[in-house]
Amino acid sequence: MSKVTSIIEELVTPIVEELDLELVDIEFVKEGRDWFLRIYVDTPEGGIDILQCAQVSERLSEKLDENDPIEQNYYLEVSSPGAERPLKKQQDFEKAIGSYIYVKTYEPVKDLKEFYGYLRAYTDEYLEIEFRIKTRKVTVQIEKEKIAQARLAIDFSDKQI
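Quick summary incoming for the structure in this document. (Residues numbered from 1 in each chain as written. Predicted model: local features only at pLDDT ≥ 70, side-chain atom pairs only at ≥ 80, totals over all residues. Heavy atoms only, no water.)

1. Re the environment of Gln 90
Secondary-structure assignment places Gln 90 in helix α3 (residues 90-96). On the basis of relative accessibility, which here comes to 41%, the residue Gln 90 falls in the partly exposed class. For the pair formed by Gln 90 and Tyr 122, sequence separation is 32 residues and the distance between their alpha carbons is 8.5 Å. Apart from residues no more than four positions distant in its own chain, Gln 90 is found in contact with Tyr 122 and Asp 124. (Helix = DSSP H or I, 4+ residues; strand = E, 2+ residues; numbered from the N terminus. Buried < 20%, exposed > 50% of the residue type's maximum accessible area, 1.4 Å probe, protein only. Contact = heavy atoms within 4.5 Å.)

2. A closer look at unusual backbone geometry
Positive phi outside glycine occurs at Lys 110, with the angle close to 55 degrees. Here Lys 110 shows up in the loop between β4 (100-109) and β5 (112-122). Residue classification places Lys 110 among the exposed positions, given a relative accessible area of 66%.

3. A short note on the sheet that holds β4
The five strands lie next to each other as β7-β6-β5-β4-β8, forming an open sheet whose pairing is antiparallel. Each edge of the sheet is formed by a strand with only one pairing partner; in this case those strands are β7 (136-143) and β8 (147-152). Each neighbouring strand pair of the sheet contributes to a mean axis angle of 40 degrees, computed without reference to strand direction. The pairing of β4 with β8 spans five bridges and is classified as antiparallel. Paired with Ile 101 across the bridge in β8 is Leu 152. (Pairing = 2+ DSSP bridges. Axes fitted to C-alpha atoms, helices over the stretch in contact; angles between N-to-C directions.)

4. A closer look at the nonpolar core
Of all hydrophobic cores here, the largest spans 21 residues; its most connected members are Ile 8, Val 12, Leu 37 and Ile 39. Only α1 (3-18), β1 (22-31), β2 (34-42) and α2 (50-67) provide two or more residues apiece to this core. Dropping the residues within four chain positions of it, Val 12 is found in contact with Leu 23, Ile 26, Ile 39, Val 56 and Leu 60. The next biggest cluster of nonpolar side chains, apart from the first, holds 17 residues, and it includes Ile 101, Tyr 122, Ile 129 and Phe 131. (Core = buried A, V, L, I, M, F, W, Y, C linked by side-chain atoms within 4.5 Å.)

5. Quick word on the sheet that holds β1
Within the open sheet, the three strands sit side by side as β1-β2-β3. Their pairing is mixed. The two strands at the open ends of the sheet, each matched to only one other strand, are β1 and β3 (75-79). Taken pair by pair, the neighbouring strands of this sheet meet at an average axis angle of 15 degrees, ignoring direction. Of the strands in this sheet, β1 and β2 touch α1, which is tilted by about 145 degrees from β1. This element, α2, spans β2 and β3 of the sheet and lies at about 145 degrees to β3.

6. A short note on the pairing of β4
In terms of strand pairing, β4 meets β5 through six bridges, oriented antiparallel. Opposite Val 103, over in β5, you have Phe 115 as the bridge partner. The hairpin turn running from β4 into β5, its antiparallel successor, is two residues long, and Lys 110 in that turn takes a positive phi close to 55 degrees.

7. A look at α1
In a regular helix each residue adds 1.5 Å, so 16 residues correspond to 22 Å; α1 covers 24 Å between its end C-alpha atoms and thus fits that length. Considering bend angle alone, the principal kink of α1 is centred on Val 12 and spans about 35 degrees; proline Pro 14 follows within four residues of it. Looking at the buried side of α1, the elements it contacts are β1, β2 and α2. (Expected span 1.5 Å × (residues − 1). Bend = angle between axes of the 7 residues up to and from the residue.)

Set out below in structure tokens:
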């Protein structure tokens, strides 16, 4: 986590907790010439509305004005993580067991670096994902340190594994 996102996490966490929300992710990224500070929040049950996002945005804006931790100009965006919510924390993975997910790895696992399938298990060392290769069901264990990105995904097929 970068220095900026660490500072922002310290500022936004009390706000999110006071509103009984969950902090899902923080991004500070440059797109073209512009910088964006993106805060993704959700409810523990899943599903957040625009008024809740606005409350977080207003309160965080005040804190950012007081502390001024970011040197460059940026746009603040507070939103839902969406249907393809990132999986980063242990509790994210635990809640996603049985769900369809996408995983990208730093290096090939069983000759693949990208997986779309169902999360079947999650431990401190690895996750287990079940997916199809043509008509075969395949299960693979991916060590946690090899995971570059993981998120919920939408399965548009009619077939569930």
